[in-house]
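# Reading the structure
This is what each chain is made of:
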Amino acid sequence: MPHITPCSGIRMVEPAGNLKEYIENFYIFPYRYNLKSYLAFNDGFPMAAIMVGEEGIHNLNDYKYGISSAWFSAKINGNRRIYISKEFSYLLIIRFKKIPFYRLFGLNPKKFNNRPFWSFSDILGDDGTELLKIISLCSTEKEKIRAIESFI
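The present account deals with the structure reproduced in this document. Please read these numbers as outputs of a predicted model, since none were measured by experiment.

The rules behind the values
- Residues numbered from 1 in each chain as written.
- Predicted model: local features only at pLDDT ≥ 70, side-chain atom pairs only at ≥ 80, totals over all residues.
- Heavy atoms only, no water.
- Buried < 20%, exposed > 50% of the residue type's maximum accessible area, 1.4 Å probe, protein only.
- Helix = DSSP H or I, 4+ residues; strand = E, 2+ residues; numbered from the N terminus.
- Pairing = 2+ DSSP bridges.
- Salt bridge = Lys/Arg side-chain N within 4 Å of Asp/Glu carboxyl O.
- Core = buried A, V, L, I, M, F, W, Y, C linked by side-chain atoms within 4.5 Å.
- Axes fitted to C-alpha atoms, helices over the stretch in contact; angles between N-to-C directions.
- Parallel < 35°, antiparallel > 145°, perpendicular 65-115°, else oblique.
- Left-handed = near helix turned anticlockwise from the far one by under 90°.
- Contact = heavy atoms within 4.5 Å.
- Phe/Tyr/Trp six-rings, centres within 6.5 Å; stacked < 30°, edge-to-face > 60°.
- Lys NZ or Arg CZ within 6 Å of the ring centre and 35° of its normal.

## Points about the pairing of strand 9 (residues 90-96)
Among the seven residues in strand 9, seven count as buried, and that is most of the element. The two faces of strand 9 match: Tyr90, Leu92, Ile94 and Phe96 on one face and Leu91, Ile93 and Arg95 on the other face are all buried. When strand 3 (residues 23-30) meets strand 9, the two strands line up antiparallel, connected through seven bridges. Counted as the bridge partner of Ile28 is Leu92 from strand 9.

Now the structure itself:
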């Protein structure tokens, strides 16, 4: 059962015991502002972000990198803007541990030097698209996290 800890509106969810080798934590950032763009940054740790709304997963208008509703990032970056096409309920972040992340998905870390964001299908192929479909069918945060954990 995921353990949720609140912190200034942001909630942290610990991964299931067997996944702590790969995942540092899940973070849930509630949507609070009527903004159309956000400043995105990453400290270099691999992470995945999924925009979730009442009707499922929502779109991110970053066609330059082919991102729709979810993305991976593992490159140190800051001062990048992401543009939101529709309001969403919350942003679900999966923060991975560095070396286990690359082993888990069979990735070369150099791949992430080319650009700041990667779509789920870029990293996971058709499995990434399928995972997003499964997540969109889940109704609660806990169900979405369990689906991700089951996938991993």
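## A short note on the pattern of salt bridges
Going through the model one piece at a time under the given rule, you end up with four salt bridges. The closest approach of N and O atoms between Arg95 and Glu24, which form a salt bridge, is 2.9 Å. On the criterion of sequence distance, the pair formed by Arg95 in strand 9 and Glu24 in strand 3 is long-range, its members being 71 residues apart.

## A closer look at the nonpolar core
Of all hydrophobic cores here, the largest spans 29 residues; its most connected members are Ile50, Phe72, Phe112 and Phe120. Sorting the residues of this core by element identifies strand 3, strand 5 (47-53), strand 7 (70-73), strand 9, helix 1 (98-105), helix 2 (120-124), helix 3 (126-137) and helix 4 (141-151) as the ones contributing at least two each. When residues of this core are assigned to their parent elements, the largest contribution, four residues, is made by strand 9. With 10 residues, the next largest nonpolar core counts Tyr27, Tyr31, Ala49 and Leu91 among its residues.

## Re the packing of helix 3 against helix 4
Contact pair helix 3 / helix 4: the axes reach a minimum separation of 9 Å and the direction vectors enclose 155°. Considered as vectors, helix 3 and helix 4 are oriented roughly antiparallel to each other. Read as a crossing pair, helix 3 and helix 4 show a hand that is right-handed. Residues Asp127, Leu131, Ile134, Ile135 and Ser136 of helix 3 form the contact with helix 4, whose participating residues are Lys144, Ala147, Ile148 and Phe151.

## Remarks on the packing of aromatic side chains
Under the defined criterion, the tally for this structure stands at 11 aromatic pairs. Consider the rings of Phe96 and Phe105, whose centres lie 5.9 Å apart with planes at 80°: the pair is edge-to-face. Members of the aromatic cluster, each reached through a chain of ring pairs, are Phe72, Phe96, Phe101, Tyr102, Phe105, Phe112, Trp118 and Phe120. Lying across the ring of Phe45, Arg95 places its NZ or CZ 4.3 Å from the centre. Note that Lys98 overlies the ring of Phe45, its terminal NZ or CZ placed 5.0 Å from the centroid.

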